Amino acid sequence: TWHSKKIPQIVRERTFSLDSPKFEAKTKLELNSVCGIECQRKLPVPSLSDLKNLLSYETVFENGTRTLTEVNVLGAGAVFDPAANTTTHKPSRKKRQIYGTDSRFSIYDKRFMTNFPFNTAVKISTGCSGILVSPKHVLTAAHCLHNGKDYVKGSKRLRVGLMKTKSRGNGRKRKGTSDGMPSFQWTRVKSTHIPKGWFKGVSGDIALDYDYAVLELKRPHKRKYMELGISPTIKMMPGSMIHFSGFDNDRSGQLVYRFCSISDESNDLFYQYCDAEPGSTGSGIYLRLKEPNKKKWKRKIIAVYSGHQWVDINGEQQDYNVAVRITPLKYAQICFWIHGNDENCTRG
């Protein structure tokens, strides 16, 4: 079953105008993490004033204007889960991003590609992936838009590509052609929200915990989107497998799907060996569960794929593919960005 959690409230306190960003940072799809699993486990539980600072957020609008919104967090005391600091040790791996046999699946059949859940995957014009979370919102990774100091060059005229299938001539396909490749209907982004916890100088070692962002599209789409959920611990995970689809760089133009189990976790991150290449960064990671007495699968996004990381474990460097968990606090914030109030965000 899905595990519901008590959801704190994120309340807007003040909004300030800031200078327009320079948009000069280079897009970097691979990150170098400073704080590994051991380091993450030793981090102190943030105080309420820390949370208010980390969950305050910047919004950049299409015309280049920028604001900072300070927030208050109500009911945060009940959301910290010490059980999340459990550990499972796995053998060391040496290869990067693709571990052993490549277990990714390219989706070619347009019946799958243009239907739920695969059609919730979108392409971000800076080179990342994302996932539809409302009729006009996309969830992705913060580092696809901002390097911690400035917004990346390509985010000034940010666009989101929704999949559509190509049809040529009389609509018939020749075997061996690339007609099964998705083409994209590009939509401009009206505004972007990034948590202050992502910015350098605010969060120190825990920046990666805040590697998520929400984009508001200029025009709503008419597709089914994926529901948000709260990330359970590994032990409590329904179905035990995570799933995600994105647009990996090494399979140009293809939608790539994969699934795997999670190897380790901290309070805010999942560490896993799902095969993935840059380009799939920002994909929404979801669980699927057959609910009692229902024939269809229910799916919920419980994390955002952040990318490949070198991680310190007992003084040694190991590599993992890392995802940012949607904790009750992050659920409250993302839901608040989508709905503009917290009334729709009381159940995780």
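Predicted, not measured: the structure shown is a model, and the values here were computed from it. (Residues numbered from 1 in each chain as written. Predicted model: local features only at pLDDT ≥ 70, side-chain atom pairs only at ≥ 80, totals over all residues. Heavy atoms only, no water.)

Novice: Can you help me understand the overall build of the protein in this one?
Specialist: Of the regular secondary structure elements, the protein holds four helices and 18 strands. When the 348 residues of the protein are sorted by exposure, 55% land in the buried category. Across the protein, the fraction of contacts at a sequence separation of at least 24, relative to all contacts at a separation of at least 6, is 74%. Total accessible area on the protein is roughly 16,200 Å²; 49% of this is exposed by carbon and sulfur atoms. (Helix = DSSP H or I, 4+ residues; strand = E, 2+ residues; numbered from the N terminus. Buried < 20%, exposed > 50% of the residue type's maximum accessible area, 1.4 Å probe, protein only. Contact = heavy atoms within 4.5 Å. Areas by Shrake-Rupley, 256 points an atom, 1.4 Å probe, with all protein chains shown as cover.)

Novice: When you look at unusual backbone geometry in this model, what are you seeing that I'm missing?
Specialist: Trans is the prevailing form of peptide bonds, just as negative phi is the prevailing case for residues other than glycine. Backbone geometry at Phe23 places phi at a positive 55 degrees, although glycine is not the residue there. Examined against the element boundaries, Phe23 turns out to sit in the loop between β1 (9-18) and α1 (37-42).

Novice: Got a minute to help me understand the pairing of strand β5 (residues 121-124) in this structure?
Specialist: Put simply, side chains in a regular strand alternate between the two faces of the sheet. Across three bridges, the pairing between β5 and strand β6 (residues 129-132) is antiparallel. Among the inter-strand pairings, Lys123 is bridged to a residue of β6, identified as Ser129. Taking the residues between adjacent antiparallel strands as the criterion, β5 and β6 are bridged by four residues, where Gly127 takes a positive phi near 110 degrees. (Pairing = 2+ DSSP bridges.)

Novice: Before we go on, may I ask you to explain the packing of aromatic side chains in this structure?
Specialist: To describe a pair of aromatic rings, you give the distance between the ring centres and the angle between the ring planes. Summed over the entire model, instances satisfying the criterion amount to eight aromatic pairs. Both rings, one in Tyr212 and one in Trp337, keep their centres 6.1 Å apart while their planes meet at 40 degrees; by these two values the pair is tilted. In this pair, Tyr212 is assigned in the loop between β9 (182-195) and β10 (213-217) and Trp337 in helix α4 (residues 328-339), connecting sequence segments 125 residues apart. Given a relative accessible area of 5%, Trp337 falls into the buried group. Ring geometry for Tyr257 and Phe259: centres 6.1 Å apart, planes at 35 degrees, overall tilted. A relative accessible area of 36% means that Phe259 is categorised as partly exposed. Connected via pairs of aromatic rings, a cluster forms that spans Tyr57, Tyr210, Tyr212 and Trp337. For the cation-ring pair, Arg159 lies above Trp186, with the distance from its terminal atom to the ring centre recorded as 4.7 Å. Seen from the ring of Tyr210, Lys330 lies directly overhead, with NZ or CZ sitting 5.4 Å from the centre. (Phe/Tyr/Trp six-rings, centres within 6.5 Å; stacked < 30°, edge-to-face > 60°. Lys NZ or Arg CZ within 6 Å of the ring centre and 35° of its normal.)

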